[in-house]
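Fold and geometry: a report
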Amino acid sequence: MEERAFYRDTALPPFPYRRTAVPPSRPVWGGRSGGSVIDLHNHLLPNIDDGSRSVEQSVAVLEAFAADGVTTVVLTPHLKATEIVHGGEERLAERAAAFERLKAQAPEAPELKLGFEIMLDDRLPTLAMGDRRFSLAGSHYYLVEFLPSVVGAFATNVLHQIAAAGVVPVVAHPERY
């Protein structure tokens, strides 16, 4: 199977770490092979944070995702927990505007959904846990990350607080902690 250029530039072998006799025009996973592949964490909303710099750049990545069999992409710009109470509505509006710009030029596949990567610089406000606009694709899953200097006890307490509220924290970048 022919590897895409992206994989040659990385230290890891291509997913799914197996070789098959499947022709290169047919993905080994996702897409036409019958499975679903969901990207839950990326920064493809153009000009929002440290990710994509243009709609064109995002569209190129989405086209590559589709070619590789990715069926759904949840767009997750950064958001600090402390911004949710003071500025959360503005960040939601900013995300919605970027999403509309991207959707206007995005390919039909993969399907696009919205979320946030929430930096837990403080406890997640209760109002955020009841507001699915801050979750992954309107679900009860919340993508969270911590400051690099996080203390284990703080992280543990915050994750327990989130879980006790009936939502599921999904930790981004667990290798950092």
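Preceding this section is the structure that the text describes.
Residues numbered from 1 in each chain as written. Predicted model: local features only at pLDDT ≥ 70, side-chain atom pairs only at ≥ 80, totals over all residues. Heavy atoms only, no water.

Now for the pattern of salt bridges. Here the structure, examined in full by the defined rule, presents 7 salt bridges. The salt bridge involving Arg 91 is made with Glu 94; its shortest N-O contact spans 2.9 Å. Pair noted here: Arg 91 and Glu 94 are both in helix H4 (residues 88-103), with a separation of 3 residues, about one helical turn. The class of Arg 91 is buried, set by a relative accessible area of 15%. The salt bridge involving Glu 100 is made with Lys 103; its shortest N-O contact spans 3.5 Å. Of this pair, Glu 100 and Lys 103 both sit in helix H4, 3 residues apart, roughly one helical turn. One network of salt bridges, with partners in common, ties together Glu 83, Arg 91 and Glu 94. (Salt bridge = Lys/Arg side-chain N within 4 Å of Asp/Glu carboxyl O. Helix = DSSP H or I, 4+ residues; strand = E, 2+ residues; numbered from the N terminus. Buried < 20%, exposed > 50% of the residue type's maximum accessible area, 1.4 Å probe, protein only.)

The next point concerns helix H2 (residues 55-67). With 13 residues, H2 extends 18 Å from end C-alpha to end C-alpha; this agrees with the ideal 18 Å at 1.5 Å per step. Taken together, the buried positions of H2 are Val 55, Ser 58, Val 59, Leu 62 and Phe 65. With its buried residues spanning 120° around the axis, H2 presents them on a single face. Residues of H2 that are buried make contact with strand S1 (38-39), strand S2 (72-75), H4 and strand S4 (111-114). Two residues or fewer after H2 comes Gly 69, characterised by a positive phi angle close to 95°. (Expected span 1.5 Å × (residues − 1). Arc of directions from axis to C-beta. Contact = heavy atoms within 4.5 Å.)

This brings us to the environment of Ser 139. Relative to the assigned elements, Ser 139 resides in the loop between helix H5 (126-129) and strand S6 (141-145). Spatially, the C-alpha atom of Ser 139 lies 9.2 Å from that of Val 168, the residues being 29 residues apart in sequence. Within polar-contact distance, the side chain of Ser 139 engages the backbone nitrogen of Tyr 141 at 3.0 Å. (Polar contact = N/O pair within 3.5 Å; in protein donor to acceptor, adjacent residues only side chain to side chain.)

The strands making up a sheet associate through hydrogen bonds between their backbones, and the pairing can be parallel or antiparallel. Strand order in the open sheet formed by 4 strands is S3-S5-S6-S7, with parallel pairing between adjacent strands. Across the chains shown, the open sheet's two edge strands, defined by having one partner strand only, are strand S3 (78-80) and strand S7 (168-171). Averaged over all adjacent pairs, the angle separating strand axes in this sheet is 40°, with direction ignored. Where S6 and S7 come together, 4 bridges link them in parallel fashion. Its bridge partner lying in S7, Tyr 141 is registered against Val 168. The sheet contacts of helix H6 (residues 152-164) involve S6 and S7, and relative to S7 the element is tilted by about 140°. (Pairing = 2+ DSSP bridges. Axes fitted to C-alpha atoms, helices over the stretch in contact; angles between N-to-C directions.)

Ile 84, Ile 118, Leu 120, Leu 124, Phe 134, Tyr 142 and Ile 162 are the most contacted members of the largest nonpolar core, which has 18 residues in total. Elements that contribute at least two residues to this core include exactly helix H3 (81-85), H5, S6 and H6. When residues in this core are grouped by element, the largest group, 3 residues, is from H6. In contact with Ile 84, other than residues within four places in its own chain, are Leu 79, Ile 118, Leu 124, Pro 125, Leu 127, Ala 128 and Phe 134. Formed by 16 residues, the second largest nonpolar core is a distinct cluster that contains Leu 45, Phe 65, Leu 102 and Leu 112. (Core = buried A, V, L, I, M, F, W, Y, C linked by side-chain atoms within 4.5 Å.)

Moving on: the side chain of Glu 145. Within the fold, Glu 145 resides in strand S6. Here Glu 145 falls in the buried class, since its relative accessible area comes to 4%. Excluding residues within four positions of it along the chain, Glu 145 makes contact with His 78, Glu 117, Ile 118, Met 119, Leu 120, Ala 172, His 173, Arg 176 and Tyr 177.

Taking 1.5 Å per residue as the helical rise, H6 with its 13 residues ought to reach 18 Å, and the 18 Å between its terminal C-alpha atoms agrees with that figure. Regarding H6, the residues found buried are Ala 155, Val 158 and Ile 162. Seen end-on, H6 carries its buried residues on one side only, within an arc spanning 70°. Facing away from the buried side of H6 by over 90 degrees, the exposed positions are His 160 and Ala 164. Residues of H6 that are buried make contact with H5, S6 and S7.

Taken by themselves, the reported measurements are silent on function.
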